[in-house]
Structure formats: C-alpha cells, structure tokens
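Breakdown of the fold
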Amino acid sequence: MGYTRADWSDHYAGGRDFRQLGDEEKGLLVEHLPAPEDGRALEACCGLGELAAYLASLGYTVDAADFAEGALERARTEHAEAKGVRWLCRDIEADDLADLDGGYDLITIRLSVAFIRDRARVLRRLAALLREEGTLVVITPVADSTPEERRHIALDEHELAALTDGFTKVERFDAEGLAMLLLRGQGGSFSAEEKLRPDPQAVFGAAVVVTDSFGRVLLGRSTRGMWELAGGRIETGEGAPAAAVRELQEETGLTARADDAAVVTVLHDDRLDVRRITAVVRVISWSGELGLPEPHRFVRWEWHNLYDLASLGKIFAPSAQALAAVWPGVLPGLPPIHSYPCTDAAAPVPGEPAEAVRLRTRMADTVIGKGWAPSPRVQAALRAVPRHRFVPEVSLEKAYHDDLAVVTVRESDESAVSSVSAAWLQADMIEQLQLEPGMTVLEVGAGGYNAELVAHVLGRRGRVVTVDLDDYVVHRTRRLCAEAGSGRVTAVLGDGCLGAPDHVPARGFDGIVITHNATDIAPAWREQLADGARLVVPLEIGGYSRSITLARHGDTLHAEHWTFCGFVRDRGAAGRAAPAVDLAGGEVTVRWPDGAPGDTTGLEDALHGVRHELATGVVLPGQTSFETLQIYAATTLPGFCRLTVPKASKLVAQQDAAAVIAGGSLAYLTSLQIHKGATPVDSRWEFVIHAYGPAAQAVAERFAACAREWDRHVRHTGYPALTVHPASTPDGELPPGDVLDKPSSRLVFQWPGRTPSAQVLVPAVDQHD
C-alpha cells in the first residue's frame, strides 16, 4: 500500500478498519494457547486492539503495540473496559523496544505481517521477547484466497514458508481463509544449501555483501526457498566489482559505484564436477529504493541482523561462505573452502541500530559507575567503540552485557580458544596501562574489540599491534577491524610469548597487555617494554589468575595493581599444563600449578580413611572476599597444590580446594556456615581444614596457621609488594620475601607479617612433624 506511519494513523483516525476477529480464530486461540497463570501477551501491530482485548478476556496481561497513534486512540476508547491491557505506541520494525522486557508467553501479529519490510528480522526480534516455551502467532490472509487487487495484504506459500525459517516447531491452521502459524523454539539453525550443477559459464561469479544504515545485511528469498546474497556471473571482459554493482542493481534495484565495491576475498570450492570461484565483494555505499526487479527469481529482499543469520534456515552455500568471509564466525560449522584474501580491504563501514547505542551507553554507565573506568579517555572509548560489531554472532543484549565474556572460538564444547572479555575487566586493564595519546601498545591475544578500545584511547597518532598464534583468530580480527575499526590496529600472526619482534618501536612498546592466562612472564615482554612502561598480565599463581600491573624498572618488574580475573589459557610455546595425578579411581585430581608433582604415595588409602577436621577460628561474614588468602597460601605453604572433584563428591567437601601434600598426608581448605543470617552478609562462615593420612594433624595445623596469619596480617591490607626478576637472578640478588620460581622468572612476594628473608618454596613437612 506504500503507507507511512502517518498514513496508517490517518487511516484509523478516519474511521477505517480491518477484518474483525473471527470465531474460528478465537476457537484456535482458546484450544491451542490457553492463558497460563500470570500469563503475559504482546499484540504487535494491534490496530484497534480487538485481539488484545480478547486475549485479556482469556486471562492474559497484554501489551498492545502499534505505531499508529490514530489506531491507539480508538483502541483506548473502544476497549476502555478491557482490564490488564497496556496500550503502547511502538514501531516493532524500527523503534527501540527497551520497555518490552520480554518474558511473554504469547506474541501475536495479525493481518500485518504482509506490510513489514524485513519480516524474518522482525519475527526474530519478537521471538527474542518470548519465554523459553512461548509461542509467536502470525495470522495473515493467503494469496490463493485473496482477490488480485488486494494481493498486497496477503502472502503466498513461498512467503509463508519464509516466516517459519529458524523455528523448531511450526503448526499451521486455517481460520476462515486466514493462515494461522504457531511458531515455537527460536533456537533454530541454518543449513548451507546447493542448487543444481552450475552452468559452466557461471563458474566465476560475484557475491555482493551490502549493509544498511543499521549494519544489517541484505539477503533475498529466492523462489527455490532459500536466502541468497545478490550476485551472479561475471560477464566477459568484466571485473568483479563491476559485476557486483551490476547484479545488485539488476536484482534489487539498488545502485552503487564500482569504486565503492571492494573484493574482500576469492573463494574456491567444487560443486559436482565444476570448479566454482566466487569473488566476495563488499559494497560500502549505495543509493536507491529496494525493489523486486526479478520476481521470477526472488520472492522478496530483506535486511537481516548478523546475529540472526545462524537461525535463518536455508542459505545458499556460496552466500553462506561469503557471509562468513566478511564476518568470520557468524555462520558456524560451514564446510572447508579455499579462500584467497585480497590486499585491497574495504574501508570501515558505519551503521548501527539505536538499540546498540542505548545498550552501549548502559554498559558504559555501569562500568563507569562501578569505578572500573575513572579516566575520561577510557570512558569515551567504552561509549564509542561498537562492541557488537566484534561479536557479530551474538545478540546486542549479550554483546553489551557489562559482566559477560563472549566466547568467539572454541576448541571443544568445554574449551574456549578465544573470547571477548567482560567490559569491566577490559576497562580496568586499559586503565592500568596509564596510556597517553600517540603511544604504541602491544596486545597479546587478538580479538579486535579490546585493541580498538586501546586505539581509541591512544587517539589518531596511536597504534596497536595485536598478536595471536591462531591464524583464524588473526583473520577474524583483521576482518572485523576492517569492517568497524579505526585503521590503527595491526593484527599479526605469531606466538605471543615472543611479543611482536618485527613491530617494536625504537624505545620499546609504551604498554603491553596480555589477554590470556599466563603461567609465566615471558622474557620478550620485559625486553620489548619501554623502561617505565607497564605490562598488564593475567598471571597464574598457584593456579589462581590475577591481572597484575607490572611497571618496568631496568630488568625488574614492580607490581602496582592486582585484579581478580579469569581468561582463556595460553596455547603457545610458553603454555604449560599443570602436572596432575588422579586419586581414588579418578574422583580426586591433584594439580601442582607451579612445581613438580609431589609424592602421593599412600594417599589412595588415606582418602578412604579417617578424616581429621580442624577449625581455624577464622570467621568471615558472608560475601567477604578471601582472594588474597588463595595467593598467600600458594606462595607461603610448602607442598601447596590444588584439588578438584566432581560435584557432590563424598570424599572431598570442596569442589576446587587449596591443598597441601606432605609426609604421605593431605590437607585442604574448606568453609563451614556457622550462622545463617537474614541476609547473606549477616551470615558467618569459618575456615576449616580437612586432612587425611599419618601426618594429618601436623599438616592441618600448618594450613590452619597459614589461614590465621592471613587473617591477622593480610586480610585487611590487600595484595603484597611483588617484584619479578629474570630467572637467572641469583638468590643473593633477590630482595627479602617468599620466592616463587617459574621457568622464565623469579617472583618475590613481600607479605605483611612474614620474616624478611628470601624463602624459596620447597616441600618441608614430613610425617613426624
């Protein structure tokens, strides 16, 4: 109909209407969608609100939304008696739906879906507001039973099939000539689909990747029942960019210049006996109105959110591969393909929805409000850098969660290879670098977003070198930074423990940040760091990770700041798996994160023997942090190790416990609630030592003494002074303190209350103590 928002408002304000809710529709709703207790419903595009009022009569609390104020004015008047209905002026296709907080049992869209431009995107947007078992209902006229002059209000079978893509459970009913679709399970997937054998003249083609001002990608629903990018054969004498803009115009009506089209990569795969070559062309600027010039080939064109692609259903295989070439990771599990990246990368492409701006502002406000980003430059980076464009495979809500790390590459279901860390932690680590505009920074562990935050802090004259040993991670970082970055991030393939030797400035890097758990301080990090500059590294001490800020002064690194954290493990040459021994048939695993395995002789029998329990007398209020106790025990207790057991183990009361093994005996730290208060803070917990073996009492006493010393001297003082020295440093040149030796470094901890002399950790308890 070509109606605008104002046209629709005038349509209703002028007294016009649409088909009334029929008895068959009502019967199907009652039969298949009875209101649960406290049931909530959303009627999208509610018009005059007849369906909203009926759902309220069935027991639902209803939000009724329409973008036409003229319709809502009549609805409020005509259904003034309807209880439990909230009337909202919202455009479900374009507006930010922040106040529709989800948890709906039912969402309906009646007689309106034919007027929606991007149907697949809007239906996924609505489905995201459903609770897990909720239902999305679409009621629409069908083309076969609609007069030709009113075809614009109805859908044909191809269009109806497109609505069901990505939903795991679909039911269809007839209601007096209307199709009623019940769509459930929005966790569907996609499949890469093929056509028949390609025409030999079309073995070299172009796939056109174009986005709108909101960053959504254009796909056409073909008459073959799959989604496709614009594109097609490259004609004789024609270059790929020229072919791309020609095909875009012929198939969609959009116009672009060849100068605004860049070949991102060339893909090669085999389709039957044909060698298929596809130039992936990124169009960064276009004009015109989206149309349907080739209805014999395409049913419609729609703009899609990137995070919806993996639930879109059938996607033409070359289009799927092209999408993954532009945004690596957005479509997981595609078959291998030969890719030949081109040097002429496309310029960064702007565009994001208002919802992303709102969520980014909320994330930044939360991080800043909690004190993690006190400096104006880091605050500005959090507000400016589009985090969602570096995790295109997840929803905007997940991308902008302030306390959530997003895993981007997995080795297995349980093991992450690469991730985008929680925003608060990224802000804290960048703050600790104490950066100034124009500096050059090394990041070890690529991903894109963190490097772009740093680049924003450094300003136009700054530069970030990010290195990773995984070629896919580096490729992904380069592509995502090309799409949405500053142009000041250089992604390098290499083992991060070697730094970036080909990119070190004359005086060294002005800051180095490590974004994976490190078991040691690599010599290259110290050597490539400018004197006086800072290294921020998530360092494992006793297997516990802490982000430590280390300032370089000559060959010594001095700790300035500690933050509790967790990252993916280092997979490079310096990565180290802690020695481990399984006990009790594998139910108990003992690990020595910072040393050789201890002697476990006799512990198999001891674990099944008498358990000695010793209360330490150290009592803490609920929710009190004892993170310094973990590091204190790991650096002062000879024989320190870690125990892990399955959940609900009957042998060990703590699933992950700090422990000591010595003299054929084992002791570990656990806690016992001794008072349950009205709130968690009012509760009280006491540290207790459990011990086994012939020297159980002596080992338990030593562990308890450690806990009491921590309580007396450390609990209220925080982390210790720490210096990091090269591994070759002799004992006599180390400052006083407890020494933890690692392969490439010697760490000296100066804990309050400890005897000021160098104490190198060695096993020291025997069974006769």
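Up top is the structure these notes are about.
Description of the structure in this document.

From N to C terminus, the chain includes 18 helices and 37 strands. With the principal axes as the frame, the chain shows a C-alpha extent of 95 × 65 × 50 Å. The burial tally for the chain puts 55% of its 769 residues in the buried class. Sequence-distant contacts, at least 24 apart, represent 63% of the contacts inside the chain between residues at least 6 apart. With the model as given, the accessible surface of the chain reaches about 31800 Å², and the carbon-plus-sulfur share is 50%. Taking the average place of the 76 positive charges on the side chains of the chain and the average place of its 106 negative ones, the gap between the two points comes to 2 Å.

Now for a negative patch on the surface. Together, D23, E24, D174 and E176 line one region of the surface with negative charge. Given the relative accessible area of 54%, D174 is considered exposed.

Let us now look at the pattern of salt bridges. Following the criterion strictly, the structure yields 49 salt bridges and no others. The salt bridge involving R151 is made with E159; its shortest N-O contact spans 3.1 Å. Assessed through its relative accessible area of 8%, E159 is described here as buried. Between E302 and R300 there is a salt bridge, with its nearest N and O atoms 2.6 Å apart. Each of D96, R125, E355 and R358 takes part in a single network of salt bridges with overlapping partners.

What describes a pair of aromatic rings is the distance from one ring centre to the other and the angle between the planes of the rings. Under the definition given, this model contains 9 aromatic pairs. A centroid spacing of 4.5 Å and a plane angle of 40 degrees characterise the contact between F298 and W301, whose relative ring orientation is tilted. An identical accessibility class is assigned to F298 and W301; each is buried. Taken together, a centroid distance of 5.0 Å and an interplanar angle of 90 degrees make the contact between Y632 and W751 edge-to-face. In this pair, Y632 is assigned in helix α17 (residues 627-636) and W751 in the loop between β36 (745-750) and β37 (759-760), connecting sequence segments 119 residues apart. This pair shows no difference in class: Y632 is buried, exactly as W751 is. Here K195 stacks its cationic end above the ring of F316, 4.3 Å away from the centre of that ring.

Before going further, it helps to spend a moment on the sheet that holds strand β27 (residues 580-583). The strand order β27-β28-β30-β31-β32-β33-β29 describes an open sheet built from 7 strands, whose pairing is antiparallel. Strands with a single pairing partner mark the edges of an open sheet, and in this sheet they are β27 and β29 (612-621). Going across the sheet, the axis of each strand differs from the next one's by a mean of 30 degrees, ignoring polarity. Of the strand pairs in this sheet, strand β30 (residues 640-644) and strand β31 (residues 656-662) are connected by 5 bridges, and their pairing is antiparallel. Looking at β31, one finds that C641 is bridged to A659. Sheet contacts for helix α18 (residues 696-714): β29, β31, β32 (665-675) and β33 (684-692); angle to β29, the most-contacted strand, approximately 10 degrees.

On to the pairing of strand β15 (residues 298-304), then. Across the 7 residues that make up β15, a large majority, 7, are buried. Pairing analysis gives 6 bridges linking strand β10 (residues 217-222) to β15, with the strands arranged antiparallel. Paired with L219 across the bridge in β15 is E302.

One way to put it is that α17 packs onto α18 with a least axis distance of 10 Å and a crossing angle of 125 degrees. When the interaxial angle is binned, α17 and α18 end up oblique. The hand of the α17/α18 crossing is right-handed. Across from T628, L629, Y632, A633 and T636 in α17, the residues of α18 making contact are F703, C706, A707, E709, W710 and V714.

What counts and how
- Residues numbered from 1 in each chain as written.
- Predicted model: local features only at pLDDT ≥ 70, side-chain atom pairs only at ≥ 80, totals over all residues.
- Heavy atoms only, no water.
- Helix = DSSP H or I, 4+ residues; strand = E, 2+ residues; numbered from the N terminus.
- Buried < 20%, exposed > 50% of the residue type's maximum accessible area, 1.4 Å probe, protein only.
- Contact = heavy atoms within 4.5 Å.
- Areas by Shrake-Rupley, 256 points an atom, 1.4 Å probe, with all protein chains shown as cover.
- Lys, Arg positive; Asp, Glu negative; His and termini not counted.
- Charge placed at Lys NZ, Arg CZ, Asp CG, Glu CD.
- Patch = residues over 30% accessible without salt bridge, like charges linked within 9 Å, V, L, I, M, F, W, Y side chains within 5 Å.
- Salt bridge = Lys/Arg side-chain N within 4 Å of Asp/Glu carboxyl O.
- Phe/Tyr/Trp six-rings, centres within 6.5 Å; stacked < 30°, edge-to-face > 60°.
- Lys NZ or Arg CZ within 6 Å of the ring centre and 35° of its normal.
- Pairing = 2+ DSSP bridges.
- Axes fitted to C-alpha atoms, helices over the stretch in contact; angles between N-to-C directions.
- Parallel < 35°, antiparallel > 145°, perpendicular 65-115°, else oblique.
- Left-handed = near helix turned anticlockwise from the far one by under 90°.

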